[in-house]
Amino acid sequence: MSILFPKVRKPREWDYRPIYYDKEKEARKDKLARLHRGSFREAHEANTYNRRSAKKRQSKLLLWVALLLLLLFVFYYLL
């Protein structure tokens, strides 16, 4: 330390920057957050799960339509 000119720290200045909501910036942050390691694998697994459930739904619907047609056929020709 110097005797003639002592160093005195200046007080911290108040640095106020208002934060405004930016919709586009938030969208970019969300997009980057979704692109973490393994996210493509997770998306692929979710897609294949959705396809499987859609196929199951379609096969159940086809079964019900076939049963309805069979029932109509039975009522029309037998009764």
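The structure this text deals with has already been given above.
Being a predicted model, the structure only gives us computed values, none of them experimental.

## Section: the overall build of the protein chain
- If you tally the helices and strands in the protein chain, you get 2 helices and 0 strands.
- Whereas a compact globule of 79 residues would reach a radius of gyration of roughly 12 Å, the protein chain reaches 34 Å, over 25% beyond that.
- When the backbone C-alpha atoms are referred to their principal axes, the protein chain occupies close to 120 × 25 × 15 Å.
- The 79 residues of the protein chain split such that 3% are buried.
- When the accessible surface of the protein chain is split by element, carbon and sulfur atoms take 62% of a total near 9400 Å².
- Distance from the positive charge centre (19 side chains) to the negative charge centre (8 side chains) of the protein chain: 8 Å.

## Regarding the pattern of salt bridges
- Within the structure shown, the criterion is met by 1 salt bridge.
- Between Asp15 and Arg17 there is a salt bridge; the shortest N-O distance is 3.8 Å.
- The exposure class of Asp15 is exposed, given its relative accessible area of 59%.

## Topic: the environment of Tyr77
- Structurally, the position occupied by Tyr77 is in helix H2 (residues 39-78).
- When the C-alpha positions of Tyr77 and Glu13 are compared, they lie 93 Å apart, and in sequence the two are 64 residues distant.

## Quick word on the packing of aromatic side chains
- Taken as a whole and judged by the stated rule, the model has 3 aromatic pairs.
- Summarising the aromatic geometry, the rings of Trp14 and Tyr16 are spaced 5.4 Å apart at their centres and angled 15° between planes, so their arrangement reads as stacked. Here Trp14 and Tyr16 have matching classes, each one exposed.
- Consider the rings of Tyr76 and Tyr77, whose centres lie 5.0 Å apart with planes at 85°: the pair is edge-to-face. For the pair Tyr76 and Tyr77, one class covers both residues: exposed.
- An aromatic cluster is built from Phe73, Tyr76 and Tyr77, whose rings are joined through pairwise contacts.

Quick notes on the rules
Residues numbered from 1 in each chain as written. Predicted model: local features only at pLDDT ≥ 70, side-chain atom pairs only at ≥ 80, totals over all residues. Heavy atoms only, no water. Helix = DSSP H or I, 4+ residues; strand = E, 2+ residues; numbered from the N terminus. Rg over C-alpha atoms; globule rule 2.2 N^0.38 Å. Buried < 20%, exposed > 50% of the residue type's maximum accessible area, 1.4 Å probe, protein only. Areas by Shrake-Rupley, 256 points an atom, 1.4 Å probe, with all protein chains shown as cover. Lys, Arg positive; Asp, Glu negative; His and termini not counted. Charge placed at Lys NZ, Arg CZ, Asp CG, Glu CD. Salt bridge = Lys/Arg side-chain N within 4 Å of Asp/Glu carboxyl O. Phe/Tyr/Trp six-rings, centres within 6.5 Å; stacked < 30°, edge-to-face > 60°.

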